[in-house]
Amino acid sequence: MQAPGDGEGGAAGGAEGGAGSREGEGGPRPEGAEGEAVRAPPQAEVAPQPAGSGRCLNRAPSKLTVPFRTPLEAEMARRSLAPYVQRPRGLVQKELTVNGSALAIRWTAEDPVFFRISVNAFLDQLSLVMRNIRGFGSPPMRSLGRGKRTDT
Amino acid sequence: MPAVLGLEGSANKVGVGVVRDGAVLANPRRTYVTPPGTGFLPGDTARHHRAVILDLLQEALTEAGLTSQEIDCVAYTKGPGMGAPLVSVAVVARTVAQLWNKPLLGVNHCIGHIEMGRLITGATSPTVLYVSGGNTQVIAYSERRYRIFGETIDIAVGNCLDRFARVLKISNDPSPGYNIEQMAKRGKKLVELPYTVKGMDVSFSGILSFIEDAAQRMLATGECTPEDLCFSLQETVFAMLVEITERAMAHCGSQEALIVGGVGCNLRLQEMMETMCQERGARLFATDERFCIDNGAMIAQAGWEMFRAGHRTPLSDSGITQRYRTDEVEVTWRD
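Residues numbered from 1 in each chain as written. Chains lettered and ligands numbered in written order. Predicted model: local features only at pLDDT ≥ 70, side-chain atom pairs only at ≥ 80, totals over all residues. Heavy atoms only, no water.

For chain B, an unreviewed UniProt entry supplies the name N(6)-L-threonylcarbamoyladenine synthase and the organism Canis lupus dingo. The Sequence similarities (unreviewed entry) field of the UniProt record for chain B holds the comment "Belongs to the KAE1 / TsaD family." In its Catalytic activity (unreviewed entry) section, the UniProt record describing chain B reads: "L-threonylcarbamoyladenylate + adenosine(37) in tRNA = N(6)-L-threonylcarbamoyladenosine(37) in tRNA + AMP + H(+)". (UniProt positions renumbered as here; feature names shortened; annotations may be inferred.)

As named in an unreviewed UniProt entry, chain A is L antigen family member 3, taken from Canis lupus familiaris. Chain A has a UniProt comment under Sequence similarities (unreviewed entry) that states "Belongs to the CTAG/PCC1 family." In the Subunit (unreviewed entry) part of its UniProt record, chain A is described as follows: "Component of the EKC/KEOPS complex composed of at least GON7, TP53RK, TPRKB, OSGEP and LAGE3; the whole complex dimerizes."

Right, dumping it as structure tokens:
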């Protein structure tokens, strides 16, 4: 799975670019929007496909890592998306984890069609969250507590 | 003097409203309109909402003349409605609640309509006829619940009208129901349609099937015009709604009736309800299209009531639900 990103900006730009082109969004950017603080594009890992199989089955997890500007933003995105993730999805399982300033999403799916649908839908929501964070100011300074936060 | 921000997007309208102490400070809205002959699908509708909601949010704050710090609570539609659009709006609500460090409130869409209707009209304890594309219920307040006295057993009356509009390829702009209403004014012939009232409940799916079939036959032979069919459908379904509302009013001894929901904008429905109320010595209340049709301010108003009563929705519990009954909510803000 190729993560949406063209390397020109941070993960916010990468994920947003992919979703933006899909949705045809082109609204004006808010005044004073800060530039990308993160330069690395999202990192993706895809499980190798079994050779010779007529049907593409992906039972091993696929992972996407989305860097944010701060751990607080990453945690904020996780909390915004977690209730969406927690709905029972049957053949597709998602797990959200925050590691430092990065939000990691891990998919486990048996069917590639459901997998694709799940990834696309999630990226749409992620893009919205990122535009929201960028457009409506920095989050208030407050402690996140210690350790990784995980939602499945 | 709490100010509450409300986000609504359970169907094809997405709106952001701001309410403070009974005053609607802002209420911008956008509608996803599809071509004639088609309806709106969840994925496409959600895509529309995601594209416009952040602009709407900024527009609402600007119109209200408030900064994010002056907002005391963020309310959003928890349900019922279409899944993907609900999720898109809920995600924004969660994000801004965290950004601004404000409490979050999940609101029942139906209760949003009721509370906005009560605010705008001043009705004290009415029998409520809630009619829209997604819901058809007769509701009255009793002992901390909005009780459902009667409802559709299949499709909503607005859904019946909207799907009939597709058969006739009536424009969806501004809404199929509005265009049916305009055509109905020019109707001259009443076509007899099935009339399905079952006690306190109503059924529209059979009427829809019947009129879809009748439309093809009768229009082909010139037996009636599309205007006649629009007129006949309205007269039939609205009479059914008046009957079950009157039955509920008689049961409750109510002297007030309130129409809410998008179909409540229909002037013919209001006229028929007014006739019934006058015959009973009761009073009819209705709002205009700003507040009848789904909007953000109604969510903000219900959220305002809930916020003052101490309700809060933790982030961990801030999902959406496509099926959310009106009587599931404990109405702690009323006696």
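Draft legend 1. View of the UniProt feature "domain: Gcp-like" (unreviewed entry) in chain B. In this numbering, the UniProt entry assigns the feature "domain: Gcp-like" (unreviewed entry) to residues 29–300 of chain B. Between the first and last C-alpha atoms of residues 29–300 of chain B the distance is 13 Å; the span itself is 52% helix and 17% strand. (Helix = DSSP H or I, 4+ residues; strand = E, 2+ residues; numbered from the N terminus.)

Draft legend 2. Fine view of the packing of aromatic side chains. Using the criterion set out here, one finds 4 aromatic pairs over all chains in the structure. Cluster of aromatic residues (ring-pair linked, three or more members): W107, F115 and F122 of chain A. (Phe/Tyr/Trp six-rings, centres within 6.5 Å; stacked < 30°, edge-to-face > 60°.)

Draft legend 3. Looking closely at the UniProt feature "binding site: a divalent metal cation" (unreviewed entry) in chain B. Residue and element names in this part refer to chain B. Sites flagged by UniProt as "binding site: a divalent metal cation" (unreviewed entry) map to H109, H113, Y130 and D294. Separation in sequence by 186 residues is not matched in space for these annotated residues, since their most distant C-alpha atoms are only 11.8 Å apart. Turning to its location among the elements, H109 is positioned in helix 3 (residues 109–121). Among the residues examined, H109 registers a relative accessible area of 3% and is labelled buried. The contacts of H109, once residues within four sequence positions are left out, are E8, S10, T77, G79, P80, Y130, D294, M298 and I299. Looking at H109, its side chain comes within polar contact range of the side chain of E8, at 3.0 Å. Within the secondary structure, Y130 is located in strand 7 (residues 127–131). (Buried < 20%, exposed > 50% of the residue type's maximum accessible area, 1.4 Å probe, protein only. Contact = heavy atoms within 4.5 Å. Polar contact = N/O pair within 3.5 Å; in protein donor to acceptor, adjacent residues only side chain to side chain.)

Draft legend 4. Inspection of the confidence of the model for chain B at higher detail. Of all residues in chain B, 100% have pLDDT values of 70 or greater, and the mean over the chain is 97. Scored as a complex, the prediction yields pTM 0.86 and ipTM 0.91. (pLDDT = per-residue confidence, 0-100.)

Draft legend 5. Geometry of a nonpolar patch on the surface. All names here are of chain A. Nonpolar side chains collect at one region of the surface, where L91, V113, F114 and I117 lie side by side and expose about 350 Å² of accessible area between them. Turning to its location among the elements, F114 is positioned in helix 3 (residues 112–135). Classification of F114 as partly exposed rests on a relative accessible area of 43%. (Patch = residues over 30% accessible without salt bridge, like charges linked within 9 Å, V, L, I, M, F, W, Y side chains within 5 Å. Areas by Shrake-Rupley, 256 points an atom, 1.4 Å probe, with all protein chains shown as cover. Salt bridge = Lys/Arg side-chain N within 4 Å of Asp/Glu carboxyl O.)

Draft legend 6. Focus on the sheet that holds strand 9 (residues 145–151) of chain B. Residues and elements named next belong to chain B. Read from one edge to the other, the open sheet built from 5 strands follows the order 9-8-7-12-13, with strand pairing classed as mixed. The two strands at the open ends of the sheet, each matched to only one other strand, are strand 9 and strand 13 (283–286). Here the strands of the sheet are splayed against their neighbours by 25° on average, with no regard to which way each runs. As judged from the 4 bridges shared by strand 7 and strand 12 (residues 256–260), these two strands associate in the parallel manner. Considered in strand 12, the bridge of T127 is made with A257. Running over the sheet, helix 7 (residues 226–252) touches strand 7, strand 8 (136–142), strand 9 and strand 12 and is turned about 155° from strand 7. Strands strand 7, strand 12 and strand 13 of the sheet are contacted by helix 8 (residues 267–280), whose axis makes an angle of about 160° with strand 13. (Pairing = 2+ DSSP bridges. Axes fitted to C-alpha atoms, helices over the stretch in contact; angles between N-to-C directions.)

Draft legend 7. Structural detail: the side chain of S80 of chain A. You can see S80 of chain A is positioned in helix 2 (residues 71–85). The exposure class of S80 of chain A is buried, given its relative accessible area of 0%.

Draft legend 8. Looking closely at helix 1 (residues 42–64) of chain B. Helix geometry: helix 1 of chain B is bent most strongly at V52 of chain B, by close to 40°. Trailing helix 1 of chain B by a residue or two, G65 of chain B shows a phi angle of about 70°, which is positive. (Bend = angle between axes of the 7 residues up to and from the residue.)

Draft legend 9. Focus on the confidence of the model for chain A. In the predicted model, chain A carries a mean pLDDT of 67, and the fraction of residues at 70 or more is 46%. The low-confidence segment residues 1–40 of chain A (pLDDT under 50) makes 72 contacts with residues lying over four places distant or belonging to another chain.

Draft legend 10. Local environment of the pattern of salt bridges. Residue and element names in this part refer to chain B. By the definition in use, this model includes 17 salt bridges over all chains. Residue E235 pairs with R268 through a salt bridge whose shortest N-O separation is 2.7 Å. With E235 in helix 7 and R268 in helix 8, the pair connects residues that are 33 residues apart, well separated along the chain. Its relative accessible area of 16% is what places E235 among the buried residues. For R268, a relative accessible area of 27% corresponds to the partly exposed category. R247 is paired through a salt bridge with E243; the nearest N and O atoms lie 2.7 Å apart. Of this pair, R247 and E243 are both found in helix 7, 4 residues apart, which corresponds to roughly one turn of the helix.

Draft legend 11. Region of the structure containing unusual backbone geometry. Residues and elements named next belong to chain B. With an omega of -10°, the peptide bond between G79 and P80 qualifies as cis. Looking along the chain, the bond that leaves D173 and enters P174 is cis, with omega of 0°. Within the element layout of this structure, P174 appears in the loop between helix 4 (157–167) and helix 5 (176–184). One non-glycine residue with positive phi stands out, namely D21, at about 50°.

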